[in-house]
Amino acid sequence: MPLALTLLLLSGLSAPGSWGCLQCDPSVPEALSHLRSALIPSRFQLEQLQARAGAVLMGMEGPFFQDYALNAFVGRVETNQLDLVASFVKNQTQHLMDNSLKDEPLLEELVTLRANAIKELKKVLISHQLKACNPKLCRWLKEEVWDCLHCQRIKSQCIHKKYCFVDRQPRVALQYQMDTKYLRNQALLGIFISVSLAVFMFMVIVVSACTYRQNRKLLLQ
């Protein structure tokens, strides 16, 4: 029952509306779907492992790569570079279908497949973003790119500066540096606390020394 429920909840992930980048090539989700049918449940004995493997594969069939491309990058990839990543993923799925791994070792290979696919996709996302974010280079871009959000081929365009950060947000360090008054106040507070602690320790040492001398005089008398 848990396996059936898990697969039912995840089944909506493979809808065409959730495609993004890798899923723009229909052969990729098709290869992942065939892999899922070949591996689950025949090569997983435990229901828990079946559910986890199903979640990994159906996530890759669904919005997983789209979310990564849009949340970590601007979600545009040159078409010729995306073809190479798609071929890589399909070759890896075929390799898993041909081997004899089962249960946990096979689940680990599925997780590795997802990690390697992200690694290859990241390369092409960065490659285009670096060029499209460079004002001197982006004007000369002529190749078509995939729009990972709408899964459409579009003409390459310059990317606005505010979207050129990897996480689409200004760096946290830069945000803090913008408020110089806040930094000065924090620095003064730190200095005040340090000096106060130093004075306190000095007073403790002085009081301890005086007390020691008084006690010693009393003993000598």
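Analysis parameters
- Residues numbered from 1 in each chain as written.
- Predicted model: local features only at pLDDT ≥ 70, side-chain atom pairs only at ≥ 80, totals over all residues.
- Heavy atoms only, no water.
- UniProt positions renumbered as here; feature names shortened; annotations may be inferred.
- Salt bridge = Lys/Arg side-chain N within 4 Å of Asp/Glu carboxyl O.
- Helix = DSSP H or I, 4+ residues; strand = E, 2+ residues; numbered from the N terminus.
- Buried < 20%, exposed > 50% of the residue type's maximum accessible area, 1.4 Å probe, protein only.
- Polar contact = N/O pair within 3.5 Å; in protein donor to acceptor, adjacent residues only side chain to side chain.
- Contact = heavy atoms within 4.5 Å.
- Axes fitted to C-alpha atoms, helices over the stretch in contact; angles between N-to-C directions.
- Left-handed = near helix turned anticlockwise from the far one by under 90°.
- Pairing = 2+ DSSP bridges.

The name an unreviewed UniProt entry gives the protein chain is IZUMO family member 2, with Cercocebus atys as the organism. Recorded in UniProt under Sequence similarities (unreviewed entry), the annotation for the protein chain is "Belongs to the Izumo family."

> Could you clarify how one ought to interpret the pattern of salt bridges in this entry?
Pairing is possible between side chains of opposite charge, provided their charged atoms come close. For the structure on display, the rule yields four salt bridges. Ionic pairing is found between R36 and E61, a salt bridge with its closest N-O pair at 2.7 Å. On the criterion of sequence distance, the pair formed by R36 in helix α2 (residues 27-39) and E61 in helix α3 (residues 47-61) is long-range, its members being 25 residues apart. E61 sits in the buried class, given a relative accessible area of 4%. With its nearest N and O atoms 3.4 Å apart, the salt bridge here joins E120 to K123. You can see E120 and its partner K123 sitting in helix α6 (residues 103-132), three residues apart, about one turn around the helix. Using a relative accessible area of 47% as the deciding quantity, one classes K123 as partly exposed.

> Please explain the side chain of R43 as it appears in this structure.
Along the chain, R43 turns up in the loop between α2 and α3. Within the local environment of R43, its side chain forms a polar contact with the side chain of N99, the two groups lying 2.6 Å apart. Filtering out sequence-adjacent residues up to four positions away, R43 remains in contact with A38, L96, M97, N99, S100, L101, K102, D103 and L106.

> What exactly am I supposed to notice about the packing of helix α4 (residues 64-72) against α6 here?
In a pair of packed helices, the angle between the axes and the distance between the axes together describe the arrangement. Their axes nearest at 11 Å, the elements α4 and α6 cross at an angle of 35°. Of the two possible hands of crossing, α4 and α6 adopt the one that is right-handed. Within the contact between the two elements, α4 uses F64, F65, Y68 and A69 and α6 uses R114, A117, I118, L121, K122 and L125.

> How do you make sense of the pairing of strand β2 (residues 144-147) when you look at a structure like this?
Sheet faces and side chains relate simply in a regular strand, where the side chains alternate between the two faces. Note: strand β1 (residues 76-78) against β2, three bridges, orientation antiparallel. Directly across from V77, in β2, lies its bridge partner W146. Relative to strand β3 (residues 152-155), β2 runs antiparallel, the two being bridged by four bridges. The partner of E144 across the bridge, within β3, is K155.

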